[in-house]
Amino acid sequence: DQQVKQNSPSLSVQEGRISILNCDYTNSMFDYFLWYKKYPAEGPTFLISISSIKDKNEDGRFTVFLNKSAKHLSLHIVPSQPGDSAVYFCAASAPMAGANNLFFGTGTRLTVIP
Amino acid sequence: AAGVIQSPRHLIKEKRETATLKCYPIPRHDTVYWYQQGPGQDPQFLISFYEKMQSDKGSIPDRFSAQQFSDYHSELNMSSLELGDSALYFCASSLAGWGNEQFFGPGTRLTVL
């Protein structure tokens, strides 16, 4: 049962444009959401997170938006750079319920075209 | 900055053999998590430890066991290996508490022949 879903397995964007990666979840107990970036042969690298009390968190070129009513979050990267090309995983946890382990989406492979 | 260290990076075993994977968390991190990522799949949570005690358990087979030691490093022991155990095994560490990000190691690639 996939509780975190990323319905787009891949995304291609021109350098300088905005990349929007989407993520949906089903478990209403999730109250902490994270985005990780993964290069081949490396572990996931933490990018940005958001708690359920917020609807937006921004860090440089990365912004995460959370729509709790729709159980949807998105990661915006602007401007996109070729070095952003990687697999992006959305993850969720329920720390308020005592469950800190992460539930991952299936990932979206982002390709930024120079 | 020091990161999560996992050893070995690659491991090849035969069916029915045993394997031990090691994880050294970021200094001062007290919580360790183990995840399994099969080919083309997302990482799946196996088990976690906080202050040397098991804190959460996910989809870890009974053939697997894990522990966290007094220096906070953790070991994942896998017995009676099966072909389906071939995967990337990630360890992550964090500080305990709400909203603390998990930092991942580079993973151990286990191949069972």
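The rules behind each value
- Residues numbered from 1 in each chain as written.
- Chains lettered and ligands numbered in written order.
- Predicted model: local features only at pLDDT ≥ 70, side-chain atom pairs only at ≥ 80, totals over all residues.
- Heavy atoms only, no water.
- Helix = DSSP H or I, 4+ residues; strand = E, 2+ residues; numbered from the N terminus.
- Rg over C-alpha atoms; globule rule 2.2 N^0.38 Å.
- Contact = heavy atoms within 4.5 Å.
- Areas by Shrake-Rupley, 256 points an atom, 1.4 Å probe, with all protein chains shown as cover.
- Lys, Arg positive; Asp, Glu negative; His and termini not counted.
- Charge placed at Lys NZ, Arg CZ, Asp CG, Glu CD.
- Buried < 20%, exposed > 50% of the residue type's maximum accessible area, 1.4 Å probe, protein only.
- Disulfide = S-S within 2.5 Å.
- Pairing = 2+ DSSP bridges.
- Axes fitted to C-alpha atoms, helices over the stretch in contact; angles between N-to-C directions.

Asker: Just give me the short version of the overall build of chain B, but keep the residues and values in it.
Answerer: Counting its secondary structure elements, chain B contains zero helices and 11 strands. Listing every helix and strand of chain B by position from the N terminus yields β-β-β-β-β-β-β-β-β-β-β. Taken over the C-alpha trace, chain B has a radius of gyration of 13 Å; the compact-globule value for 113 residues is 13 Å, and the two agree within 12%. The principal-axis extents of the C-alpha atoms in chain B amount to approximately 40 × 25 × 25 Å. Within chain B, contacts between residues at least 6 apart in sequence are counted, and of these 53% link residues at least 24 apart. Carbon and sulfur atoms provide 50% of the accessible area of chain B, an area that totals close to 5500 Å². Charge-centre separation for chain B: the mean point of 10 positive side chains lies 6 Å from the mean point of 12 negative side chains.

Asker: Talk me through unusual backbone geometry; I want residue IDs and the actual numbers.
Answerer: The amide bond that connects Val78(A) to the next residue, Pro79(A), takes the cis arrangement and shows omega of -5°. Mapped onto the secondary structure, Pro79(A) falls in the loop between strand S8 (72-77) and strand S9 (86-94). Between Ser7(B) and Pro8(B) the backbone carries a cis peptide bond, its omega angle lying at -10°. Within the secondary structure, Pro8(B) sits in the loop between strand S1 (5-7) and strand S2 (10-13). Phi is positive for Glu51(B), which is not a glycine, with a value near 50°. Following the sequence through the fold, Glu51(B) ends up in the loop between strand S5 (44-50) and strand S6 (53-57). You will see that Ser80(B), though not glycine, has its phi angle at about 45°, which is positive. Positionally, Ser80(B) belongs in the loop between strand S8 (74-78) and strand S9 (87-94). Since its relative accessible area comes to 39%, Ser80(B) is described here as partly exposed.

Asker: Account for the state of the cysteines, with residues named and values stated.
Answerer: For the structure shown, the criterion picks out two disulfides over all chains. With a sulfur-sulfur separation of 2.0 Å, Cys23(A) is cross-linked through a disulfide to Cys90(A). Across the S-S bond linking Cys23(A) and Cys90(A), the dihedral sits near -70°, which makes this disulfide left-handed. Highlighted residues: Cys23(A) in strand S3 (residues 19-25) and Cys90(A) in strand S9, separated in sequence by 67 residues. On the accessibility criterion, Cys23(A) (0% relative accessible area) is buried. Disulfide pairing is shown between Cys23(B) and Cys91(B); the S-S distance is 1.7 Å. Disulfide Cys23(B)-Cys91(B): torsion about the S-S bond near -55°, hence left-handed. Here Cys91(B) lies in strand S9 and Cys23(B) lies in strand S3 (residues 19-24), a separation of 68 residues in the sequence.

Asker: If you had to explain the sheet that holds S8(B) to someone new, which residues and values would you point to?
Answerer: Residue and element names in this part refer to chain B. Pairing in this open sheet of four strands is antiparallel, and the strands run S1-S3-S8-S7 from one edge to the other. Two strands lie at the open edges of the sheet, namely S1 and strand S7 (64-68), each paired on one side alone. Shown here is a sheet whose adjacent strand axes are inclined to one another by a mean of 15°, direction ignored. Sheet analysis places S3 next to S8, joined by five bridges and oriented antiparallel. Residue Ala19 lies in a different strand from S8, and its bridge partner there is Met78.

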